[in-house]
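Chain residues, written in single-letter form:
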Amino acid sequence: MGNDKSQNAVGLDTKKLQEMSVADVYAALNCSDTGLTAADAKQRLEQYGLNALEEKKVSPITQFLRYFWGPIPWMIEIAILLSLVVQHWMDLIFISSLLVFNACIGFWEEHKASNALEALKGELALQARTLRDGKWEELPAAEIVPGDVVRLRMGDVIPADTKLIEGDYISIDQAALTGESLPVSKKIGDVAYSGSIAKQGEMSGLVTATGSNTFFGQTAKLVEGAGAVSHFQKAVMRVGDFLIAVSVGLSILLIIVELFRHVPILQMMQFILILVIASIPVAMPAVLSVTMALGALALSKRKAIVSRLQAIEEMAGVDILCSDKTGTLTQNKLTLGDPIVLGAKDPDDCILAGALASKPENKDAIDLAVIGGLKDTSQLDAYKQTKFVPFDPVLKRTEGVVTCPDGAVRRFTKGAPQVIMGMCDMELDVSETAKKSVADLAAKGYRTLGIAKAEGESGDTWKFLGILPLFDPPREDSKETIAAAKDHGIDVKMVTGDNTAIGAQISGQLGMGTQIQPAGSFFADGTDPNNISDEVAQRIETADGFAEVFPEHKYGIVKALQKRGHIVAMTGDGVNDAPALKQADTGVAVSGATDAARAAAAIILTLPGLNVIITAVQTARQIFERMLSYTIYRIAMTIDIMFFVVLAMLCYPHDANGNNFQPLTAVMIILLALLDDIPIMTIAYDNTYISKKPVRWEMKSVLTVASVLGVLSVVETFGLLAIIREVLPNLGQICGASMARYEQTVDPAHQQTMLFLQLVAGGHLMMFLTRTRKSFWRRPFPSWQLFWAIVATQVFAILLCGFGWGVVEAMPWYLIGWVWVYTSIWMFILDAAKLLTYRAIDHAGYFRQRRFKRASQSLHHFGALHNRK
């Protein structure tokens, strides 16, 4: 590829090329306006490479194998190896199936979301008219090289970064690259960017950069290097690390004790297998993925397509939304404001004069806006336009020669106010009024057109008629959506390629603040967006929005906000947005986005506007609560089973017959995993509280609550074993002779069944506890899917323990009832402990938040002062 073999053709970036004269560029590239010879072009092609984006493909097999590497996969793989060693084939098949299932889900999601570079390549031109050996010929755009002369016409996709060298003018739509809402007029010496589109005019240009060295290519490089590890992935890693540490510690302890007791190696391996299987949340990735997939399905019904599942969880924690202006907050439809009449009869007369200096067939955005300002466009039928001079960047105006209904020929013109005013003989007070009006409108972000007319086809006496303001109005739902975002704890920052005044005007109208800063003030030439200073990051954090933004600016803004600890969502629709969309925690491609933006984004909106994002946030926060409650439940249950198994084997090494005692069999543990996790997948439908503030994985709190519930559950389960082993056989001795008749010795097989039932019942009752921070009997109540799935599972477990069915030892029904009473009492104890734990966490967090708020206010004040300076 070209960028592997060479730097930019002249060793300069695109901004510096704009400052060089055409002659200097000729000298730097060792070429001329006659183009290159075929031989010279071939040599340069070898030097600079193809005019195409670099492509680095990872083998699908390699991508798939990555999902077998990590804390939880390691734990599952250890269990598979142990199952193989002790020849527990059913365990082996079950655990292996879960591992492959998790890998398939992850691989499919990555495959769907990894097409950003391919989409960018699709935005490039395919053919280019090139001057070779003194003749114009159509060549594949991939074969043009620095030094080639190309011809650019209306409708062409610009094939490479090009210095314009010949022609009157060309109007280029570069909105997809820079975010500017209107086409930009170019003249000799200007640079046309690769990937932009010629809308009007025709010029020749000298190719100065190709492939990855172009402005477009730099965007592709940013996309390729962008991307943040999701907080969901970090949370799963933390959970995996925590459980591995506990599992390894308990395994070592058990090995030491069992070796000291001279337990046979194979038998010890079976014990370790039981422990490892108990410690692995084998279904955790699957349950969380299914929860997010069902959330993605719900969002799709609201016209939001999720291309990366983790984005749902990230959306729940978003506290800053960086929103593109044009087409997202605004209508992307240039609209005429109220005319300022200075020489016309009335506002309608001023608009009509502007419309007569327009040509609708050219589909120019400004012309169409002026014509659209007429109350009745049919009045144009009475006028005959005999000549039209389109806008060019030298004259900076359009002109129409018109035969009016009275038969008189008149000339009408519209353009830059200072140019039109300079053509007219104006009285001083009228001139001052016009200048002040233009300045006032510019301060509010309006573009302005001066309107004038002259009598006769060649008359030079122009009469200034007035000023027409133009603006891109906000969407009708934008202000309401911004207010709703703030109600949900989300700070919305505008990001636009337009100038600061326009950005501030729209931002103020929408209630987003008016401290809009030019992005260039944060990023000096050569500033690496990946290494932004703390001072700059703080200033970015305190700004209300950003104007005059380039692709690397958007990417840097997202990186800076992430550096400040924020979870950032970025909306966008153009190629220029792709790097930031991919880097953001949640990239949102808005309606009508380019393929490049869609491929880089995690959520794709198919309806215009931002209001669906608020719905997505609400849905995401609901899903997050479901995932959080499941994670706490799963960790607590894992602690319960792990510690109980080890504690039981340490405290009760032998049963009443002198044999080695196992509190649970391997089959029971597998059944526990099935009965606990498979029905728990219905938590994806559960009713949850929707937070009014952003939520995120507070792993310290999660592990604290889960550990408290887990440790108390160990006390609960071990307490049952102690009652079975120590109390029931000695009731008379403990409680008095009158209780001797109730003494009962439970054989080891029935002990295992009772413990199994307690773990199944206690596990699902714990699910009712972890699903809410409140008392379990208060709203929101469980969904019918979750409730009846748990009821069905409990009925199955009770019947299994009552009849045995060859899987467990059947036990009397009164013992089943006794276990349920015992477990139900503990449910209230655990719920009280949960409430106290949350209260302690909230109390500690309150004081931390107060200190943080005071520090943030000081930093915000400092940053605002710096930005104003």
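Residues numbered from 1 in each chain as written. Predicted model: local features only at pLDDT ≥ 70, side-chain atom pairs only at ≥ 80, totals over all residues. Heavy atoms only, no water.

So, about the overall build of the chain. Tallying secondary structure elements over the chain gives 32 helices and 24 strands in all. Among the 869 residues that make up the chain, the fraction classed as buried is 54%. In the chain, once contacts between residues fewer than 6 apart in sequence are set aside, the share between residues at least 24 apart is 73%. As displayed, the chain has an accessible area near 37,200 Å², and 58% of this comes from carbon and sulfur atoms. (Helix = DSSP H or I, 4+ residues; strand = E, 2+ residues; numbered from the N terminus. Buried < 20%, exposed > 50% of the residue type's maximum accessible area, 1.4 Å probe, protein only. Contact = heavy atoms within 4.5 Å. Areas by Shrake-Rupley, 256 points an atom, 1.4 Å probe, with all protein chains shown as cover.)

Further remarks concern the confidence of the model for the chain. Segments scoring low in pLDDT should not have their predicted coordinates read at a detailed level. Looking at the chain as a whole, its pLDDT mean stands at 80, while 82% of the residues score no less than 70. By mean pLDDT, the top-scoring element of the chain is helix 16 (residues 347-356) (95), and the lowest-scoring one is helix 1 (residues 2-5) (38). Per-residue pLDDT stays below 50 along residues 1-12; that stretch engages in 34 contacts with residues further than four places along the chain or on separate chains. (pLDDT = per-residue confidence, 0-100.)

The 8 strands are arranged 10-24-23-22-11-19-21-20 in an open sheet whose pairing can be described as mixed. Strands at the two margins of the open sheet, each flanked by one partner only, are strand 10 (304-306) and strand 20 (516-518). The mean inter-strand angle of the sheet, taken between neighbouring strand axes irrespective of direction, is 20°. When strand 11 (residues 320-324) meets strand 19 (residues 491-495), the two strands line up parallel, connected through 5 bridges. The residue of strand 19 that forms the bridge with isoleucine 320 is aspartate 491. (Pairing = 2+ DSSP bridges. Axes fitted to C-alpha atoms, helices over the stretch in contact; angles between N-to-C directions.)

Attention now goes to the pairing of strand 11. Taken across its 5 residues, strand 11 has 5 buried, putting it largely inside the fold. Relative to strand 22 (residues 568-572), strand 11 runs parallel, the two being bridged by 3 bridges. When the bridges of strand 22 are listed, leucine 321 appears paired with alanine 569.

Moving on: the packing of aromatic side chains. Tallied over the full model, the rule gives 14 aromatic pairs. Ring centres 5.2 Å apart and planes at 65° place the aromatic pair phenylalanine 624 and tryptophan 697 in the edge-to-face group. Taken together, the residues span a long stretch of sequence, with phenylalanine 624 in helix 26 (residues 611-651) and tryptophan 697 in the loop between helix 27 (666-677) and helix 28 (699-727) at a distance of 73 residues. Like phenylalanine 624, the residue tryptophan 697 is buried in the burial classification. Taking 6.0 Å as the distance between ring centres and 45° as the angle between the ring planes, the aromatic pair formed by phenylalanine 796 and tryptophan 805 counts as tilted. Judged by its relative accessible area of 36%, phenylalanine 796 falls in the partly exposed class. What links up through ring pairs into an aromatic cluster is the set Phe796, Phe803, Trp805 and Trp813. Against the face of tyrosine 193 rests lysine 186, its NZ or CZ located 5.3 Å from the ring centre. (Phe/Tyr/Trp six-rings, centres within 6.5 Å; stacked < 30°, edge-to-face > 60°. Lys NZ or Arg CZ within 6 Å of the ring centre and 35° of its normal.)

Judged by side-chain polarity, Val667, Val795, Phe796, Leu799, Phe803, Trp805, Val807 and Trp813 come together as a nonpolar surface patch covering roughly 760 Å² of accessible area. Among the elements that line the nonpolar patch, the one with the most residues is helix 31 (residues 784-803), at 4 residues. Here valine 807 is to be found in the loop between helix 31 and helix 32 (813-868). (Patch = residues over 30% accessible without salt bridge, like charges linked within 9 Å, V, L, I, M, F, W, Y side chains within 5 Å. Salt bridge = Lys/Arg side-chain N within 4 Å of Asp/Glu carboxyl O.)

Grouped burial of nonpolar side chains is what soluble globular proteins tend to show. Core analysis: the biggest nonpolar cluster contains 111 residues, and Ile312, Leu664 and Phe756 have the highest contact counts within it. The element contributing the most residues to this core is helix 26, with 22 residues. Contacts of isoleucine 312, omitting those with residues within four sequence positions, involve Met292, Gly295, Ala296, Leu299, Val306, Ala620 and Ile623. Of all hydrophobic cores here, the second largest spans 29 residues; its members include Ile320, Ile540, Ala543 and Ala584. (Core = buried A, V, L, I, M, F, W, Y, C linked by side-chain atoms within 4.5 Å.)

This next bit is on helix 21 (residues 500-509). Of all the residues in helix 21, the buried ones are Ile502, Gly503, Ala504, Ile506 and Ser507. Where helix 21 is buried, its residues meet helix 15 (325-329), strand 17 (447-455), strand 19 and strand 20. Positive phi shows up at glycine 511, right after helix 21, with a value of about 75°.

Positionally, tryptophan 462 belongs in strand 18 (residues 462-471). Residues tryptophan 462 and isoleucine 420 lie 42 residues apart in sequence; the distance between their C-alpha atoms is 8.8 Å.

What follows covers the sheet that holds strand 5 (residues 170-173). The antiparallel open sheet is built from 3 strands, whose spatial order is 6-5-8. Since the sheet does not close on itself, it has two edges, and those belong to strand 6 (184-186) and strand 8 (197-201), each with one partner. Strand-to-strand twist in this sheet, taken as the mean axis angle between neighbours without regard to direction, amounts to 35°.

With that settled, consider the side chain of serine 507. Within the element layout of this structure, serine 507 appears in helix 21. Residue classification places serine 507 among the buried positions, given a relative accessible area of 0%. Reaching out from serine 507, the side chain makes a polar contact with the backbone oxygen of glycine 513 at a distance of 2.4 Å. Leave out the neighbours within four places in its chain, and serine 507 touches Met494, Met512, Gly513 and Ile516. (Polar contact = N/O pair within 3.5 Å; in protein donor to acceptor, adjacent residues only side chain to side chain.)

Looking now at helix 19 (residues 428-443). Between the first and last C-alpha of helix 19 there are 23 Å, a value that for 16 residues agrees with the 22 Å anticipated at 1.5 Å per step. Residues of helix 19 that are buried include every one of Ser431, Ala434, Ser437, Val438 and Leu441, and no others. What you see down the axis of helix 19 is that its buried residues fit within an arc of 125°, all on one side. For helix 19, the exposed residues set more than 90 degrees away from the buried face come down to Leu428, Asp429, Lys436 and Ala443. (Expected span 1.5 Å × (residues − 1). Arc of directions from axis to C-beta.)

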